[in-house]
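Fold and contact review
Residues per chain, in single letters:
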Amino acid sequence: MSSLELRGVAVRYGDATALAKADLVVEDGEFFTLVGPSGCGKTTTLRTIAGFEEPTEGEVLFDGVPMGGVPPEARDVGVVFQQYALFPHMSVAENVAYGLRFAEDPPDEESRVAELLDLVGLSGFEERDPGALSGGQQQRVALARALAPEPELLLLDEPMSALDARLRERLRREVRRIQEELGVTTVYVTHDQAEALAVSDRVAVMSEGRVEQVGTPEAVYREPATRFVAEFVGENNVFAGEARDGRVAVEGTEFAVAGAEGPTTFCVRPEAMRVGAAENRVTGTVEYAEFLGESVRVGLSWRGRDLVVRTDTVPEGEELTVGFAPEDAVVVE
Ligand code: ATP
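Residues numbered from 1 in each chain as written. Predicted model: local features only at pLDDT ≥ 70, side-chain atom pairs only at ≥ 80, totals over all residues.

1. Notes on the nonpolar core
The nonpolar side chains of a soluble globular protein tend to be buried with one another. Ranked by internal contacts, the top residues of the largest apolar core, which has 85 residues, are Val 96, Ala 144, Leu 155, Val 205 and Phe 266. Here this core gets six residues from one element, more than from any other, and that element is helix H4 (residues 135-147). (Core = buried A, V, L, I, M, F, W, Y, C linked by C-beta atoms within 7 Å. Buried ≥ 20, exposed ≤ 12 C-beta atoms within 10 Å, placed from the backbone. Helix = DSSP H or I, 4+ residues; strand = E, 2+ residues; numbered from the N terminus.)

Right under this line is the structure:
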């Protein structure tokens, strides 16, 4: 049973702020993902939780207990990094057994290794060399090794980024299945927003060392709090203007947006911009139309802005008129 809390945690390197005063709570058994572009502070956050880094300010707590000064090996965490980091001169079984060396109450090694390899779908691979495994298999071994001592907390730093897309999808489902089976509290780091939405109970969207929003995948997608989240998670059309009586003036056109008053930034998802909509219509020049199978992604240029809409068919003319319902506009900070 393990919950995790970051209380006002900041990490600075000289003048550079890798993480600015983050407050996060990860519940027991949760699959929690840190997502954001390169350099936003995800790895720093994970390393601080693991104890490889001490916060410049604030504290990390496990089950309410401050971890200041507690070294990584005493924190009861399992970590899997981007690089496979298996020991090349050890067999698969020896690599997994290595994970048991810090176990407080070491179980029967052979049966525990067999159990873990079964869990990650690698039964029968005991005597193989890591070098004779595919990237995906190596990451499964790394996961088995991290889980071997039954850690309270599992930390995964872009464990699939070196794998091809199809394998990544398969493995992420498997990681999720294993995590649910064991009920281990997990913090996962990825720059891939689609992956974050697909696997997580909740996500923290990060930008430039700050946590922009924490919420369920549905919440950050449907109700982004900031413009950054709106544009980073999925695609969005962002408009900014001055609002009066629920109408926002943008480039001389007025849009009805529920509840808008004063300076307003709002966004509309490509799938909410509909051909034939009765309200909030704009006519743009078709810049491109990409046939994606289940839909067509159309790029429009409207008064010098790029818009993106989803349609059922490739538009025929050079121009396309789309609109959106006022309730599909989401006001952001
Ligand atoms: P990526 O996805 O590229 O790994 P990230 O979101 O994990 O990025 P971090 O690695 O946490 O980002 O880095 C956050 C910021 O802190 C970056 O600007 C980075 O250059 C800086 N940084 C990280 N470690 C150090 C260090 N040891 N010394 C100085 N600056 C650092």
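2. Remarks on the pairing of strand E1 (residues 4-13)
As judged from the five bridges shared by E1 and strand E4 (residues 57-62), these two strands associate in the antiparallel manner. In the sheet register, Leu 4 faces E4, and the bridge partner there is Phe 62. Examined bridge by bridge, E1 and strand E2 (residues 16-26) share seven bridges and lie antiparallel to one another. By the bridge assignment for E2, Leu 6 is matched with Leu 24. In this antiparallel pair of consecutive strands, E1 and E2, the connection spans two residues, and Gly 14 shows a positive phi of 60°. (Pairing = 2+ DSSP bridges.)

3. Concerning the site of the ligand
Near the ligand you find Tyr 13, Ala 16, Ala 18, Gly 36, Ser 38, Gly 39, Cys 40, Gly 41, Lys 42, Thr 43, Thr 44 and His 191, and these make up its full shell. Those elements giving two or more residues to the shell around the ligand turn out to be E2 and helix H1 (42-50). For the shell around the ligand, the element with the most residues is H1, which contributes three residues. Counted by class, the shell around the ligand contains four nonpolar, seven polar and one charged residues. (Near = placed C-beta within 6 Å. Nonpolar A, V, L, I, M, F, W, Y, C, P; charged D, E, K, R; others polar.)

4. Re the environment of Arg 269
Counting through the fold element by element, Arg 269 comes out in the loop between strand E14 (262-268) and strand E15 (274-275). It is 9.9 Å that separates the C-alpha atoms of Arg 269 and Leu 307, two residues lying 38 residues apart in sequence.

5. What about the pairing of strand E13 (residues 253-256)?
Note that strand E12 (residues 247-250) and E13 share four bridges and pair antiparallel. From the neighbouring strand, Ala 249 faces E13, where its bridge partner is Glu 254. In sequence, E12 turns back onto E13 through a hairpin of two residues, with Glu 251 there showing a positive phi of about 50°.

6. Side note on the sheet that holds strand E20 (residues 330-332)
Strand order in the open sheet made by the five strands is E13-E12-E11-E14-E20, with antiparallel pairing throughout. The two strands at the open ends of the sheet, each matched to only one other strand, are E13 and E20. The sheet shows a mean angle of 45° between the axes of neighbouring strands, taken without regard to direction. As defined by bridge partners, strand E11 (residues 237-244) adjoins E14 across seven bridges and the pair is classed as antiparallel. Each residue of the ladder has a partner; that of Val 238, found in E14, is Cys 267. (Axes fitted to C-alpha atoms, helices over the stretch in contact; angles between N-to-C directions.)

7. Let's talk about unusual backbone geometry
In the Ramachandran plot, Asp 76 falls in the positive-phi region, its phi being about 60° despite a non-glycine side chain. When you line up the elements, Asp 76 lands in the loop between strand E5 (65-66) and strand E6 (77-80). Assessed through the 17 C-beta atoms surrounding it within 10 Å, Asp 76 is described here as partly exposed. Despite not being glycine, Asp 245 shows a phi value in the positive range, around 50°. On the secondary structure map, Asp 245 appears in the loop between E11 and E12.

8. Considerations on helix H3 (residues 109-119)
When H3 is considered as a whole, its buried residues turn out to be Arg 112, Val 113, Leu 116 and Leu 117. Down the axis, H3 shows its buried residues gathered within 130° of arc, on one side only. Turned more than 90 degrees away from the buried face of H3, the exposed residues are Glu 110, Ser 111 and Asp 118. Positive phi appears at Gly 121, one or two residues downstream of H3, with a value of about 75°. (Arc of directions from axis to C-beta.)

9. A few points about the sheet that holds strand E17 (residues 296-302)
Strand order in this open sheet of five strands is E15-E19-E16-E17-E18, and the pairing throughout is antiparallel. The open sheet has two free edges, formed respectively by E15 and strand E18 (305-311), since each of these has just one partner strand. The pairing of strand E16 (residues 282-291) with strand E19 (residues 319-323) spans four bridges and is classified as antiparallel. Opposite Gly 284, over in E19, you have Leu 320 as the bridge partner.

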